[in-house]
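Survey of secondary and tertiary structure
Listed below are the residues making up each chain.
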Amino acid sequence: MTDLQRPTLTRRSLTALALGTALAPLAGRAQGFPSKLITLYVPFPPGGPTDTASRIVGQKLGEILKQTVIVENRPGASGSIAATALARMPADGHSLMMLATPTLLAPHLYPAVKFDINKDFTAVGTTYDLPIVVVVNPTQLPDVRTLPELIAKAKASKPPLNYTSSGQGSFGHLTMELLKIQGGFDMTHVPYKGGVPAITDLLGGQVPVMYADMVAALPHIQAGKLRAIAVGSPQRVPFLPDVKTVAEQGFPGFSAVSWGGLLAPAGTPAAVVKTLNDALKQALADPMVQDKLKTAGTFAAWQSPADTAARIRSDDQQWGTLIKEKGIAGS
């Protein structure tokens, strides 16, 4: 080998090495997937946190997978319409749904819902957490600044205090019912059809307490019109760093977090699921995606398919049992 040949071979080796490095992230991708556009069903109308998070994540997934991701809203029956549609789609990874907590709960709340959340779908990965917060009207309850103070007020009130949520069987409703059981106090639920009318009457003083999602409540908390006294997540949230968790206020281990995650039809090949989850992990690690999700009131919260499936089973068991014991039906 001449000296003239050696540099040429070295350049070729470096080129091959660079090409191999560039292709490394794709090495584990399911062969031939995705071969066409991906449809991401959103089980709620445009504009809410689930829809916003789906569009943020869907766009980034499209960039990573080098394939178009179309977001399609199929609202109705707490997400049951979208879930039923997904369960009937080919199990090839090209049809997905952003599972949100209300859809997970729907089979327990609506007798007509027939899908099985654990059998009819394949968990792809957790996408985001949506914190929920106990808020009070400071004019109606000026002396209530902590959860123990609210509980003491509730125990002393005759007739019972009223509290509201975004609807019968909503996550805020179920979480307050769980808290009532664990805290040994009572309040009367006044359900509304949606978070906006509930917040409106909370601000007007018609109802003094609400277990609300962070998206709906945060602007009013920041404006001083509502007072946050507890968050349901295991850790405090950056939006409200001074507000203690329920667990910190006398309920060790308490955890109630609304969340979203990607589902595919049951039987989707493991290699396709891995490709999707790897892309989801990469998308949620992007600081720009994280910032956009925070703007929507959610937090990037990646989990593996196995951990997501376990979370579904756990929530299905916990909240399904509560719904049955309390005789709660969806509105």
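Refer to the structure printed above.
Quick summary incoming for the structure in this document. (Residues numbered from 1 in each chain as written. Predicted model: local features only at pLDDT ≥ 70, side-chain atom pairs only at ≥ 80, totals over all residues. Heavy atoms only, no water.)

Enumeration according to the criterion identifies 3 aromatic pairs in this entry. On the numbers, 5.8 Å between centres and 75° between planes, the contact of Phe115 with Phe121 is edge-to-face. For Phe115, a relative accessible area of 6% puts it in the buried group. A centroid spacing of 5.1 Å and a plane angle of 75° characterise the contact between Phe171 and Trp319, whose relative ring orientation is edge-to-face. Placement of Phe171 in helix H6 (residues 171-183) and of Trp319 in helix H11 (residues 305-326) is noted, with a sequence separation of 148 residues between them. You can call Phe171 buried: its relative accessible area is 8%. Directly above the aromatic system of Trp302 lies the positively charged group of Lys281, at a separation of 4.6 Å from the ring centroid. (Phe/Tyr/Trp six-rings, centres within 6.5 Å; stacked < 30°, edge-to-face > 60°. Buried < 20%, exposed > 50% of the residue type's maximum accessible area, 1.4 Å probe, protein only. Helix = DSSP H or I, 4+ residues; strand = E, 2+ residues; numbered from the N terminus. Lys NZ or Arg CZ within 6 Å of the ring centre and 35° of its normal.)

Pairing in this open sheet of 5 strands is mixed, and the strands run S7-S6-S8-S5-S9 from one edge to the other. Two strands lie at the open edges of the sheet, namely strand S7 (188-191) and strand S9 (227-231), each paired on one side alone. On average, each strand axis in the sheet is tilted by 30° relative to the strand beside it, whichever way the strands run. Where strand S5 (residues 132-136) lies against strand S8 (residues 209-213), 5 bridges are found, and the strand directions are antiparallel. What sits directly across from Val135, in S8, is Met210. (Pairing = 2+ DSSP bridges. Axes fitted to C-alpha atoms, helices over the stretch in contact; angles between N-to-C directions.)

Here we come to the pairing of strand S10 (residues 258-265). S10 sits mainly inside the fold: 8 of its 8 residues count as buried. In this structure, strand S3 (residues 95-100) lies alongside S10, joined through 4 bridges in antiparallel fashion. Its bridge partner being in S10, Leu99 is matched across the sheet by Gly261. Relative to S10, strand S4 (residues 121-130) runs antiparallel, the two sharing 8 bridges. Bridge pairing links Asp129 to Trp259 in S10.

In total, this model carries 11 salt bridges according to the counting rule given. Notably, a salt bridge pairs Asp186 with Lys180, separated by 3.4 Å at the nearest N-O pair. Judged by its relative accessible area of 9%, Lys180 falls in the buried class. Linked by salt bridges that have partners in common, Glu177, Lys180, Asp186 and Lys326 make up one network. (Salt bridge = Lys/Arg side-chain N within 4 Å of Asp/Glu carboxyl O.)

Counted as a void, the largest pocket has a volume near 1100 Å³. Phe44, Pro102, Ser166, Gly194 and Gly195 are the residues nearest the centre of the largest pocket, which is lined by 43 residues in total. Going through the elements one at a time, helix H2 (49-65), helix H4 (101-109), S4, H6, helix H7 (195-204), S8, helix H8 (214-222) and S10 are the ones with two or more residues in the lining of the largest pocket. Residue composition of the lining of the largest pocket, by class: 24 nonpolar, 16 polar and 3 charged. (1 Å grid on protein atoms, 1.4 Å probe; cavity = no way out; pocket = protein on both sides within 12 Å on 5 of 7 lines; lining within 4 Å. Points joined across faces, edges and corners; volume = space filled by probe spheres on them. Nonpolar A, V, L, I, M, F, W, Y, C, P; charged D, E, K, R; others polar.)

Here we come to H8. Taken residue by residue, H8 has Met214, Ala217, Leu218 and Ile221 as its buried positions. The buried residues of H8 occupy an angular sector of 115° when projected down its axis, which confines them to one face. Tucked into the core, H8 has its buried residues touching S5, H7, S8 and S9. A distance of 3.0 Å separates the backbone nitrogen of Val215 from a side-chain oxygen at the start of H8, and that oxygen is part of Asp213. (Arc of directions from axis to C-beta. Contact = heavy atoms within 4.5 Å. Polar contact = N/O pair within 3.5 Å; in protein donor to acceptor, adjacent residues only side chain to side chain.)

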